Amino acid sequence: ALRAMGAQMTARDAGLATTATALAAWHARSAYCPGCGGRTEIIEAGWARRCSDCATVHFPRTDPAVIMAVTDTSDRLLLVRGATWAPRRYSVVAGFVEAGESVEAAVAREVWEEAGLRVADVEYVASQPWPFPRSQMMGFVAQLRSDAPREPEPDGVEIDQARFYSREEFAAALLSGRISAPGPASIAHALLVEWFGGPLPASPIDAGLRSSTGW
């Protein structure tokens, strides 16, 4: 429900809902101490849990993730379809930051692993808490390296389709219903709007979702 309704909330309400969702997800997964296996109890008004055996205090966990708008030398945007996503749902590349890795290195690695492309000029744009269940999404833009292959090669595991779109091709694909874009509550949508230069054309797929879910 938060995914669908977030764009209709005020900034205050969206922030409260995001925090509540993230905390609820953490509590649901934190009944036992990861150190000794003892039961944990809620303390500090829900902002921490304490182990009843070893007394270790645990705090909510946030997993850093990167999401990036990748363009080629013609300013076409890379869009991908996750292997487990609904048909015709496309978005930009995203992935988790690994241990000991900088966020810039994570951007380059994820694009290489999922689409077989090398990028450079990685620039930070903005961030968004994404409590499904506990991510912090950090948005970037990046450009294809001059010596990189011209076309993506999906890894076939996480990503099964990938291609570059010009603005004209992207608009036509949305309007025809061949693809649909991320919802307006997501940073992925914001990255797409920034590249496109204005509001995204409505896809018939998204119109059907709004009709059936109320967003």
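See the structure above.
These remarks concern the structure in this document. (Residues numbered from 1 in each chain as written. Predicted model: local features only at pLDDT ≥ 70, side-chain atom pairs only at ≥ 80, totals over all residues. Heavy atoms only, no water.)

1. A look at the overall build of the protein
- Secondary structure assignment for the protein yields 6 helices and 9 strands.
- Here the C-alpha coordinates of the protein stretch approximately 60 × 45 × 30 Å along the principal axes.
- Every one of the 215 residues in the protein was classed for burial, and the buried ones make up 43%.
- Taking the intrachain contacts of the protein between residues at least 6 apart in sequence as the baseline, contacts between residues at least 24 apart amount to 58%.
- Of the roughly 11300 Å² of accessible surface on the protein, 54% is carried by carbon and sulfur atoms. (Helix = DSSP H or I, 4+ residues; strand = E, 2+ residues; numbered from the N terminus. Buried < 20%, exposed > 50% of the residue type's maximum accessible area, 1.4 Å probe, protein only. Contact = heavy atoms within 4.5 Å. Areas by Shrake-Rupley, 256 points an atom, 1.4 Å probe, with all protein chains shown as cover.)

2. Remarks on unusual backbone geometry
- Residue Phe132 is joined to Pro133 through a cis peptide bond whose omega torsion reads 10°.
- The phi torsion at Asp75 lies on the positive side, around 65°, for a residue other than glycine.
- In this model, Arg88 sits at a positive phi of 70°, which is unusual for a non-glycine residue.
- Along the polypeptide, Arg88 turns up in the loop between β5 (77-82) and β6 (93-96).

3. Considering the sheet that holds strand β2 (residues 48-51)
- Read from one edge of the open sheet, 3 strands run β1-β2-β3, paired in antiparallel fashion. Among the strands making up the open sheet, the edge pair consists of β1 (40-43) and β3 (57-58).
- Two strands pair when backbone bridges link them, and β1 and β2 are joined in this way by 4 bridges, in the antiparallel orientation. Each bridged residue has a counterpart across the sheet, and for Ile42 the counterpart in β2 is Arg49.
- Its contacts with the sheet place helix α2 (residues 11-28) against β1, β2 and β3, and it is angled at close to 15° to β2. (Pairing = 2+ DSSP bridges. Axes fitted to C-alpha atoms, helices over the stretch in contact; angles between N-to-C directions.)

4. Observations regarding helix α3 (residues 103-115)
- Under the 1.5 Å per step criterion, the end-to-end length of α3 is 18 Å for 13 residues, consistent within 8% with the ideal 18 Å.
- What α3 keeps buried is the set Ala106, Val107, Arg109, Glu110, Val111, Glu114 and Ala115.
- Tucked into the core, α3 has its buried residues touching β4 (63-71), β5, β6, β7 (119-130), β8 (135-144) and β9 (159-165).
- Directly beyond the C-terminal end of α3, a positive phi value near 65° is found at Gly116. (Expected span 1.5 Å × (residues − 1).)

5. Looking at helix α4 (residues 167-176)
- Looking at α4, one finds that the buried residues are Phe170, Ala171, Ala173 and Leu174. One side of α4 carries all its buried residues, which in axial view fall inside an arc of 165°. More than 90 degrees from the buried face of α4, the exposed residues found are Glu168 and Leu175.
- Following α4 by one or two positions, Gly177 has its phi on the positive side, about 85°. (Arc of directions from axis to C-beta.)

6. Quick notes on the pattern of salt bridges
- Counted by the stated rule, this structure contains 14 salt bridges.
- Put simply, Arg76 and Asp72 hold a salt bridge, and the shortest N to O gap is 2.6 Å.
- Look at Asp72 and you get buried, because its relative accessible area is 7%.
- Arg81 is paired through a salt bridge with Asp160; the nearest N and O atoms lie 2.7 Å apart. Note that Arg81 is positioned in strand β5 and Asp160 in strand β9, a separation of 79 residues in sequence.
- Exposure remark for Arg81: the relative accessible area of 9% places this residue in the buried category.
- Among the charged side chains, a network of salt bridges with common partners joins Glu98, Glu101, Arg109, Glu110 and Glu113. (Salt bridge = Lys/Arg side-chain N within 4 Å of Asp/Glu carboxyl O.)

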